[in-house]
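Structure at a glance
So you can see what is in the structure, the chains are spelled out below.
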Amino acid sequence: MTVQIPALSDFRRIVIKVGSALLVDSARGKVRLAWLTSLAEDIGALHRQGKEIMVVSSGAIALGRTVLSLPKGPLRLEDSQAAAAVGQIALARTWAEVLAHEDITAGQILLTLGDTEERRRYLNARSTLARLMEHRAVPVINENDTVATSEIRYGDNDRLAARVATMASADLLVLLSDIDGLYTAPPAQDPQAEHLPVVPRISAEIEAMAGAAGSELSRGGMRTKIEAGKIATSAGTHMVIASGHGKNPLRAIAEGGRCTWFLTAATPARARKAWIGGALEPRGVLHLDAGAVKALHRGASLLPAGVARVEGSFERGDAVLLRGPDGAEVGRGLVAYDSDHAQSIMGRSTAEIEAILGVAGRAEMIHRDDMVVGAK
Ligand code: GLU
């Protein structure tokens, strides 16, 4: 069976991860501006084609340590946090400038592990990203290293980028790296190592090619890239690893340059709906009126006005069951309000939410992207 290799033009929402080694000239501790400008050109070209782009950029610590004249070698946690605080400003400014050249507005997002793993915060981050996409802005994302401590941090931006991609339902994750993809063995040590252009599925054999887990040397190496691939492909996001050594690295991928594609059979929407429909334990029930049931079947979001009764105690972001007036299950979804607030605004119009709760909440009780409608 021949495997179809995708083209960059197949994708609509793309997360691009850029590693520190590409962005920062380690000898001078400065941004490699000519290279970054060429990457921004590629991003501009994709953006003009109507694609939605997000950037996950490393480099804060690498830039900040030079400014603070910290010694070479591993840094103590407080020093790397201080370096990140200093470097992140420079990093964000540089991105804003190179993207502005392409007439693109940049927005900075700093995430912690909790923001991507805790359901309520995850929903917040997801809706901020969605809104930035609507504004055609490009989020520039990094881990919030200044507050993340070792136990509660990603530490590498490969996995962070994969979580961002799945959170944003991106259909492609591009990892720009110092190597042009996956080899059957580490190419520096094994001259027989062969490059793999496509990985249809991440098997145990593929994982073994990435080398041993957890070694200090492999951090941010192929190991975390395969981990990122597992996160991405299981959520319906394709991934490609390509070299960022040359200028215009995205154009190089589009023109068929050497890289490794990790494929998924799913789509982000289907994978997400499967997750909402199956994997989560419902914490409550929203009983809907007949009009809301009809609207949901037409593909609409659930508005507070369509909710007749709230059952159970749940937090914002929890999964809830949706039942019609006859008690039959209509679907499931991730609710945008906790049970107390849901009680207060049920049956009311969206325009009244702010007056009732004292804060401007979301217009929908459950957004249609967060909902599965139909019998299980
Ligand atoms: N968040 C770190 C930084 O900006 C980088 C992590 C990584 O290199 O993967 O310096």
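Further up the page is the structure itself.
Residues numbered from 1 in each chain as written. Predicted model: local features only at pLDDT ≥ 70, side-chain atom pairs only at ≥ 80, totals over all residues. Heavy atoms only, no water.

Further remarks concern the overall build of the chain. The helix and strand inventory of the chain stands at 14 helices and 17 strands. Here the chain holds 376 residues, and the buried ones make up 50% of them. Once local pairs closer than 6 in sequence are excluded, the contacts in the chain between residues at least 24 apart make up 73%. On the chain, roughly 17500 Å² of surface is accessible, and the fraction owed to carbon and sulfur atoms is 52%. Seen as two clouds, the 43 positive and the 43 negative side-chain charges of the chain have centres 1 Å apart. (Helix = DSSP H or I, 4+ residues; strand = E, 2+ residues; numbered from the N terminus. Buried < 20%, exposed > 50% of the residue type's maximum accessible area, 1.4 Å probe, protein only. Contact = heavy atoms within 4.5 Å. Areas by Shrake-Rupley, 256 points an atom, 1.4 Å probe, with all protein chains shown as cover. Lys, Arg positive; Asp, Glu negative; His and termini not counted. Charge placed at Lys NZ, Arg CZ, Asp CG, Glu CD.)

Turning to the packing of aromatic side chains, a few remarks are in order. Summed over all chains, the structure comprises 1 aromatic pair. When the ring of F11 is compared with that of W261, the centres are 5.9 Å apart and the planes differ by 15°; the resulting orientation is stacked. Residue F11 is located in the segment before β1 (13-18), and its partner W261 is located in strand β12 (residues 259-262); the two are separated by 250 residues in the primary sequence. With respect to class, F11 is no different from W261; both count as buried. (Phe/Tyr/Trp six-rings, centres within 6.5 Å; stacked < 30°, edge-to-face > 60°.)

A separate point is the packing of helix α7 (residues 157-167) against helix α9 (residues 222-234). Between α7 and α9, the least distance of the axes is 8 Å, while the angle of their chain directions is 10°. It follows from the interaxial angle that α7 and α9 lie roughly parallel. Contacts from D158, R159, A162, R163 and T166 of α7 reach α9 at T224, K225, E227, A228, I231 and A232. For the contact of α7 with α9, the class distribution of residues is 4 nonpolar, 2 polar and 5 charged. (Axes fitted to C-alpha atoms, helices over the stretch in contact; angles between N-to-C directions. Parallel < 35°, antiparallel > 145°, perpendicular 65-115°, else oblique. Nonpolar A, V, L, I, M, F, W, Y, C, P; charged D, E, K, R; others polar.)

Moving on to the site of the ligand. The immediate surroundings of the ligand are formed by S20, S58, G59, A60, I61, N142, D145, G155, D156 and N157. Between the ligand and I61, the relevant distance is 2.9 Å, taken from an oxygen atom to a main-chain nitrogen or oxygen of the residue. In the environment of the ligand, an oxygen atom lies 2.8 Å from a nitrogen or oxygen atom belonging to the side chain of N142. When the ligand is considered free in solution it has 300 Å² of accessible area, and contact with the protein chains removes 86% of it. Residue composition of the shell around the ligand, by class: 2 nonpolar, 6 polar and 2 charged. (Near = heavy atom within 4 Å. Polar contact = N/O pair within 3.5 Å; in protein donor to acceptor, adjacent residues only side chain to side chain.)

What follows deals with unusual backbone geometry. Phi at D103 is positive, roughly 60°, even though this residue is not glycine. Among the structural elements, D103 can be located in the loop between α4 (77-100) and β5 (106-111). By relative accessible area, D103 is classed as exposed at 72%. Residue R136 is not a glycine yet carries a positive backbone phi of 60°. In this structure R136 comes out as partly exposed when scored by relative accessible area, which is 30%.

So, on to the layout of surface pockets. The space that makes up the second largest pocket amounts to roughly 810 Å³. Along the walls of the second largest pocket sit 30 residues, with R126, S127, A130, H367 and D369 positioned nearest its centre. Contributions of two or more residues to the lining of the second largest pocket are made by α6 (119-134) and α11 (268-279). In terms of residue count, the dominant contributor to the lining of the second largest pocket is α6 (9 residues). For the lining of the second largest pocket, the class distribution of residues is 12 nonpolar, 5 polar and 13 charged. (1 Å grid on protein atoms, 1.4 Å probe; cavity = no way out; pocket = protein on both sides within 12 Å on 5 of 7 lines; lining within 4 Å. Points joined across faces, edges and corners; volume = space filled by probe spheres on them.)

Bringing the pattern of salt bridges into the picture now. Within this structure, the stated rule accounts for 20 salt bridges. Note that E52 and R12 form a salt bridge whose closest N and O atoms lie 3.3 Å from each other. In this pair, E52 is assigned in strand β4 (residues 52-57) and R12 in the segment before β1, connecting sequence segments 40 residues apart. The class of R12 is partly exposed, set by a relative accessible area of 47%. The shortest N-O distance in the salt bridge between E78 and R76 comes to 3.4 Å. Residue E78 is classed as partly exposed on the basis of its relative accessible area of 46%. (Salt bridge = Lys/Arg side-chain N within 4 Å of Asp/Glu carboxyl O.)

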